[in-house]
Structures are given as structure tokens and as C-alpha cells.
Amino acid sequence: MKTNTASSQPGSIIDPFGRTISYLRVSVTDRCDFRCVYCMSENMTFLPKSDVLSLEELDQVCSTFVEEGVRKIRLTGGEPLVRRGIIWLFERLGRHLKNGMLDELTVTTNASQLAKHANDLVTCGVQRINVSLDTLNPDKFKRITRWGDFETVMLGLEAGVRAGLKIKINCVALKGVNDDEIHNMVAWCGKRGFDLTFIEVMPMGDIGNETRLNQYWPLSMVRAELKRRWTLEESDFTTAGPARYWHISETGGRVGFITPMTHNFCESCNRVRLTCTGTLFMCLGQHDCADLRTSLRDSKNPNALKHAIHQAISHKPKGHDFAMDRRQDAVSVDRHMSVTGG
Ligand code: SAM
Ligand code: SF4
């Protein structure tokens, strides 16, 4: 069904600013087995399970997006691999890779459960994954993640490599925390053939006693520091995500920078985000959202979901306006990243 003004041709969703929506990120659970200091407070209240879409419903929403032109799906969270039965969803979505409707199915994970799932992910058609890792120091790892275990993550990464997954490491740049490790991180990733992306900390959700202003470290400074030791050449490599990549001559690897705070990348935004309750966020940094669950469950109208998707995207805002300054160390967006999906 092509019901509304936002859609200009079959199988495509185009927003009011002419951007084609081809990338869906899905937070399959808001729960996590870690409590990273920049992401969550130690005492989190999670959604009641009854509010969360079933795996069958998630398949249905994702598959509708695929019919409407989405070419890439990333499952994230919370920690996606802690959701019971999650491999079933990967298997289901894998059918769209086989029939050519989807270019990529991927996942962002903390790797705590990767040793268990790496082979299954590959069987389902996953080729590349993002693993979040902010430090190579086991004690610091414990301080950052509060509940994580460094060795388990290392075993997960090893299993991922053995299974044939291409791995990109996501590292949130945290002033006074991992600023002494960035060169080591580049060398470590280079040696293992992992790409590396640095991320600026974003003001999302209450994180208890921590303050983000203390954690915030602009990536322009990270890049300047890296250039003191490594030869960085700008690269036109892209993953359909917001990172800008540089080639590192010495390691042969790539380093990317996601800079929502210092550089607004919204003009090329091709993505929307679905929460595990079926709420669609058109922008990570805005409050505007649309409920897809009601349409999904509207058994009388089989086209209601498609209509709701197009309607929602016809309201996609031009961009976000995250802000971080001394007067405003408050949260810009009250949702945690784990709700909308990083
Ligand atoms: N649990 C998985 C993981 O950590 O990879 C997936 C979900 S996590 C929310 C996705 C990404 O968001 C991670 O790379 C994490 O470092 C990042 N993230 C979480 N909170 C953030 C914040 N406030 N600012 C910037 N990045 C954040
Ligand atoms: Fe969990 Fe990922 Fe958030 Fe860390 S960043 S608490 S691993 S959801």
C-alpha cells in the first residue's frame, strides 16, 4: 500500500527533506547485563515485559520496513543478545538477505554473550558486527561497565573472529577515563583487523551521580591526538551509518568518528529507530515519535502498519540539537540510549 504523501514510489520511504529511509535500527530489549556509566544508572527501572513486542511482532514490523524499502537492519538494545530466543529473530530476518530484499543484517553488542551466539549469527547471514569496548584494562572495564567481565568479552571477540565475523569496535571517548588509551586501542584493533570507531558521549537519559560534562571529550581532540602518532588519510568508506572514516597507514585499518556533538551529520540521515515496545523514533536526538504497536495489532486493517510507518516518516525532523555546556549539563533527551537503540 502506498497511501500517503511521504512515499513517492513503490517500496521507498522518503522523508520531507528528500532523504530516503533505508536503515532501521531496532532496540529488541531495553535490558542489559552491563550498567555502563555513560549509558545507565546503576539502579535502572526496565519496561514491564508485557509492554514489549514479541519476537514474532518484531519480525512483522521489520519485514514491513523491508517491503517498504529498508535495506539494512541493525538489532541493538539494551543488550540484544540477552533477549531470550533472539537467534530466532535473526533467522527470520535472514530470509530477506536470501531473497535479496535486504543488503545487511547486523548487531551492536557488548559481546558478553557472543561466544554462545557467534556461529548462529553467521548461519543467519550476519557478516559484520559492532562490539562496544571502551578500554583494554580489565579493572577500568569493570569501573566503566560496572557489571561486565573483560575476559568474557575477550572470549566473545575470539569466538566472533573464529566464526568469521568482521568486527568493528565502538569506543566512547571519555575524558579522564580512556583518554590515555586511544593509541593503544588503535594498535590493538589494527593488529586484529578490527575497525575502530570513536563516539562522542551524548546527553541521553539520567545516569545517576555521573555527569556527562565531566565525561565529554570532543572527537576533534581525539583525532588531533591520534595524528601525533599515526598517519591518518581521509577515506570515503561508509557503512550507511553516521561515522566518518580515516585510513591508518601504519596498521592498514580504519578509524571512524561519530560526532553528534561537534558535527551535525543529520543532512545525510537515512535511519529511523524502533523501540522494543513498537515506538518509532525518527531522530535519536528528538522527542517526536510514533506508536506502531497499535497499528501492528489492528487485525482488521492489514495495511494499518504500512500507513503508520509512512505517516510517521512524513514527520521526520531535519536534525537533532544535542547540547552540552556548563549551564546545561542536564539531559537533552530523557530516554536512555538503551531505549532507542544506539
Ligand atoms: N549493549 C550494546 C552495546 O553496548 O554495544 C548495544 C546497545 S548500546 C546502547 C549501543 C551503543 O551506544 C554502544 O556503543 C554504547 O557505547 C553507546 N552509548 C550508550 N550510551 C551512550 C551515550 N550516552 N553517548 C554515546 N554513546 C552511548
Ligand atoms: Fe548495556 Fe550497551 Fe548501555 Fe553498556 S552501552 S549499559 S552494554 S546497553
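In this report, we go over the structure that sits alongside the text. (Residues numbered from 1 in each chain as written. Chains lettered and ligands numbered in written order. Predicted model: local features only at pLDDT ≥ 70, side-chain atom pairs only at ≥ 80, totals over all residues. Heavy atoms only, no water.)

1. Overview of the pairing of strand 2 (residues 72–76)
The two faces of the sheet receive side chains in turn, since in a regular strand these alternate between them.
Link 1 in the chain: Of all five residues making up strand 2, five are buried, and the element is well covered by its neighbours.
Link 2 in the chain: Of the two faces of strand 2, both are covered, the one formed by K72, R74 and T76 as well as the one formed by I73 and L75.
Link 3 in the chain: As paired strands, strand 1 (residues 23–27) and strand 2 are joined by five bridges and run parallel to one another. The residue bridging L24 from the neighbouring strand is I73, located in strand 2. (Buried < 20%, exposed > 50% of the residue type's maximum accessible area, 1.4 Å probe, protein only. Helix = DSSP H or I, 4+ residues; strand = E, 2+ residues; numbered from the N terminus. Pairing = 2+ DSSP bridges.)

2. Looking at the packing of aromatic side chains
Link 1 in the chain: Throughout the structure, instances matching the rule amount to four aromatic pairs.
Link 2 in the chain: On the basis of an interplanar angle of 90 degrees and a centroid distance of 5.9 Å, the ring pair of F34 and F141 is categorised as edge-to-face. In this pair, F34 is assigned in the loop between strand 1 and helix 1 (55–67) and F141 in helix 4 (residues 138–145), connecting sequence segments 107 residues apart.
Link 3 in the chain: Exposure remark for F34: the relative accessible area of 6% places this residue in the buried category.
Link 4 in the chain: Assessed through its relative accessible area of 3%, F141 is described here as buried.
Link 5 in the chain: Three or more aromatic residues joined by ring pairs make a cluster, and in this case those are F34, F141 and F150.
Link 6 in the chain: One cation-aromatic arrangement involves R223 over F257; the distance from NZ or CZ to the ring centre is 5.0 Å. (Phe/Tyr/Trp six-rings, centres within 6.5 Å; stacked < 30°, edge-to-face > 60°. Lys NZ or Arg CZ within 6 Å of the ring centre and 35° of its normal.)

3. A look at the layout of surface pockets
Link 1 in the chain: Estimates place the volume of the second largest pocket at around 300 Å³.
Link 2 in the chain: Contributing to the lining of the second largest pocket are V28, T29, D30, R31, K49, V52, V82, R83 and R84.
Link 3 in the chain: Considered class by class, the residues forming the lining of the second largest pocket number three nonpolar, one polar and five charged. (1 Å grid on protein atoms, 1.4 Å probe; cavity = no way out; pocket = protein on both sides within 12 Å on 5 of 7 lines; lining within 4 Å. Points joined across faces, edges and corners; volume = space filled by probe spheres on them. Nonpolar A, V, L, I, M, F, W, Y, C, P; charged D, E, K, R; others polar.)

4. Notes on the pattern of salt bridges
Link 1 in the chain: Evaluation of the coordinates by the stated rule reveals 13 salt bridges.
Link 2 in the chain: The residue R92 makes a salt bridge to D59 at a minimum N-O spacing of 3.0 Å. With a gap of 33 residues between them, R92 in helix 2 (residues 86–98) and D59 in helix 1 connect regions that are remote in the sequence.
Link 3 in the chain: Taking relative accessible area as the criterion, R92 reaches 32% and is therefore assigned partly exposed.
Link 4 in the chain: One salt bridge in this structure joins E67 and K306, with 2.8 Å as the shortest N-O distance. With E67 in helix 1 and K306 in helix 10 (residues 304–313), this pair connects stretches of sequence that are 239 residues apart.
Link 5 in the chain: By relative accessible area, which is 15% here, K306 ends up buried.
Link 6 in the chain: Residues joined by salt bridges that share partners form a network here, namely D59, R92 and R95. (Salt bridge = Lys/Arg side-chain N within 4 Å of Asp/Glu carboxyl O.)

5. Here we look at the packing of helix 1 against helix 10
Link 1 in the chain: At a closest axis distance of 10 Å, the pairing of helix 1 and helix 10 adopts a crossing angle of 70 degrees. What the angle tells us is that helix 1 and helix 10 run roughly perpendicular. The hand of the helix 1/helix 10 crossing is right-handed. From helix 1, Q60, V61, T64, F65 and E67 reach across to helix 10, where they touch L305, K306, I309 and I313. (Axes fitted to C-alpha atoms, helices over the stretch in contact; angles between N-to-C directions. Parallel < 35°, antiparallel > 145°, perpendicular 65-115°, else oblique. Left-handed = near helix turned anticlockwise from the far one by under 90°. Contact = heavy atoms within 4.5 Å.)

6. What to know about the site of ligand 2
Link 1 in the chain: In the neighbourhood of ligand 2, the contacting residues comprise C32, F34, R35, C36, C39, G78 and N110.
Link 2 in the chain: Split by residue class, the shell around ligand 2 holds four nonpolar, two polar and one charged. (Near = heavy atom within 4 Å.)

7. Considerations on the environment of A173
Link 1 in the chain: Residue position: A173 is located in strand 5 (residues 166–173).
Link 2 in the chain: Taking the relative accessible area as the measure of exposure, A173 reaches 1% and is therefore buried.
Link 3 in the chain: Spatially, the C-alpha atoms of A173 and T135 are 9.8 Å apart, while their sequence positions differ by 38 residues.

8. A few points about the site of ligand 1
Link 1 in the chain: Within the structure, ligand 1 sits among 19 residues, and Y38, G78, E79, S132 and M202 are positioned closest to it.
Link 2 in the chain: In this structure, an oxygen atom belonging to ligand 1 sits 3.2 Å away from a main-chain N or O atom of T109.
Link 3 in the chain: Its free accessible area being 540 Å², ligand 1 has 96% of it covered by the protein chains.
Link 4 in the chain: Of all the secondary-structure elements, those providing two or more residues to the shell around ligand 1 are strand 3 (104–109), strand 5 and strand 6 (195–200).
Link 5 in the chain: When grouped by side-chain class, the residues that make up the shell around ligand 1 number seven nonpolar, nine polar and three charged. (Polar contact = N/O pair within 3.5 Å; in protein donor to acceptor, adjacent residues only side chain to side chain. Areas by Shrake-Rupley, 256 points an atom, 1.4 Å probe, with all protein chains shown as cover.)

9. Quick word on unusual backbone geometry
Link 1 in the chain: In this structure, A111 takes a positive phi of about 70 degrees despite not being glycine.
Link 2 in the chain: Inspection of the secondary structure assignment puts A111 in the loop between strand 3 and helix 3 (114–123).
Link 3 in the chain: Of note, the phi angle at R146 is positive, near 60 degrees, even though the residue is not glycine.
Link 4 in the chain: By the element assignment, R146 lies in the loop between helix 4 and helix 5 (150–163).

10. Re the nonpolar core
Link 1 in the chain: The biggest cluster of nonpolar side chains holds 97 residues, and the ones touching the most others in it are F65, I73, F90, L133 and I169.
Link 2 in the chain: Residue contacts for L133: discarding those within four places in its chain leaves F141, F150, V153, M154, L157, I169, N170, C171, M185 and W188. (Core = buried A, V, L, I, M, F, W, Y, C linked by side-chain atoms within 4.5 Å.)

11. Regarding the sheet that holds strand 8 (residues 244–248)
Link 1 in the chain: A sheet is described by the order of its strands in space; here 12 strands give the open sequence 7-8-9-6-5-4-3-2-1-10-11-12, paired in mixed fashion. In this open sheet, the two strands that pair with only one neighbour each are strand 7 (232–234) and strand 12 (289–291). On average, each strand axis in the sheet is inclined to that of its neighbour by 25 degrees, with strand direction left out of account.

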